[in-house]
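Fold and geometry: a report
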Amino acid sequence: MANRKGVFIGAYVPAELKRALQDRATSEHRTLSQEITRILEEAVKGPRLPPNFVERRAPGQRPRRRDSDPMPRRRRDDLPFRGAGGRGEE
């Protein structure tokens, strides 16, 4: 038997739930145990970032401007918005 560093948590789950978890784990190249551990970690710690994603904002930092700036997004010093048909001709 493998030497495992963890705690066994026994739970009875419906057979269809176990099959669904097993299929999901298989599709993502994980074992059932790894999939259950991932789900429990996300439930406790919150969702993980996608692979190769680097979080550059400090904790508690507000979202970037584009999340709150209405369309069309303009800066204060930009030229005025001309619309879809305008090419600068008056």
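Coordinates for the structure precede this section.
Everything in this summary refers to the structure shown in the same document. (Residues numbered from 1 in each chain as written. Predicted model: local features only at pLDDT ≥ 70, side-chain atom pairs only at ≥ 80, totals over all residues. Heavy atoms only, no water.)

**Details of the overall build of the chain**
Within the chain, the secondary structure is distributed over 2 helices and 0 strands. Element-wise, carbon and sulfur atoms account for 54% of the exposed surface of the chain, whose accessible area totals about 9,200 Å². (Helix = DSSP H or I, 4+ residues; strand = E, 2+ residues; numbered from the N terminus. Areas by Shrake-Rupley, 256 points an atom, 1.4 Å probe, with all protein chains shown as cover.)

**Section: a nonpolar patch on the surface**
Residues Val7, Ile9, Ile36 and Leu40 make up a contiguous nonpolar surface patch of about 420 Å² in total accessible area. Among the structural elements, valine 7 can be located in the segment before helix H1 (15-27). (Patch = residues over 30% accessible without salt bridge, like charges linked within 9 Å, V, L, I, M, F, W, Y side chains within 5 Å. Salt bridge = Lys/Arg side-chain N within 4 Å of Asp/Glu carboxyl O.)

**Section: the layout of surface pockets**
Looking at the largest pocket, its volume works out to about 840 Å³. Elements with a minimum of two residues in the lining of the largest pocket: H1 and helix H2 (32-45). It is H2 that contributes the most residues to the lining of the largest pocket, 6 residues altogether. In terms of residue class, the lining of the largest pocket is made up of 10 nonpolar, 4 polar and 3 charged. (1 Å grid on protein atoms, 1.4 Å probe; cavity = no way out; pocket = protein on both sides within 12 Å on 5 of 7 lines; lining within 4 Å. Points joined across faces, edges and corners; volume = space filled by probe spheres on them. Nonpolar A, V, L, I, M, F, W, Y, C, P; charged D, E, K, R; others polar.)

**Topic: H2**
For H2, with 14 residues, the first-to-last C-alpha span of 20 Å sits near the 20 Å given by 1.5 Å per residue. All buried positions along H2 are accounted for by Leu32, Glu35 and Arg38. The buried residues of H2 occupy an angular sector of 125° when the element is viewed end-on, so they sit on one face. Exposed side of H2, more than 90 degrees from the buried face: Val44 and Lys45 are the residues found there. Close packing links the buried residues of H2 with H1. A positive backbone phi angle near 95° is found at glycine 46, which sits one or two residues after H2. (Expected span 1.5 Å × (residues − 1). Buried < 20%, exposed > 50% of the residue type's maximum accessible area, 1.4 Å probe, protein only. Arc of directions from axis to C-beta. Contact = heavy atoms within 4.5 Å.)

**A closer look at unusual backbone geometry**
Even without a glycine there, the phi angle at histidine 29 is positive, about 55°. Under the relative-accessibility criterion, histidine 29 is labelled exposed at 74%.

**Things to note about the pattern of salt bridges**
The final tally for this structure, using the stated rule, is 5 salt bridges. Put simply, glutamate 28 and arginine 30 hold a salt bridge, and the shortest N to O gap is 2.2 Å. Using a relative accessible area of 38% as the deciding quantity, one classes glutamate 28 as partly exposed. Among the ionic pairs, glutamate 42 bridges to arginine 38, the shortest N-O distance being 3.0 Å. Taken together, the residues glutamate 42 and arginine 38, both in helix H2 and 4 residues apart, mark about one turn of the helix.

Read these as layout, nothing more, since geometry by itself doesn't imply function.
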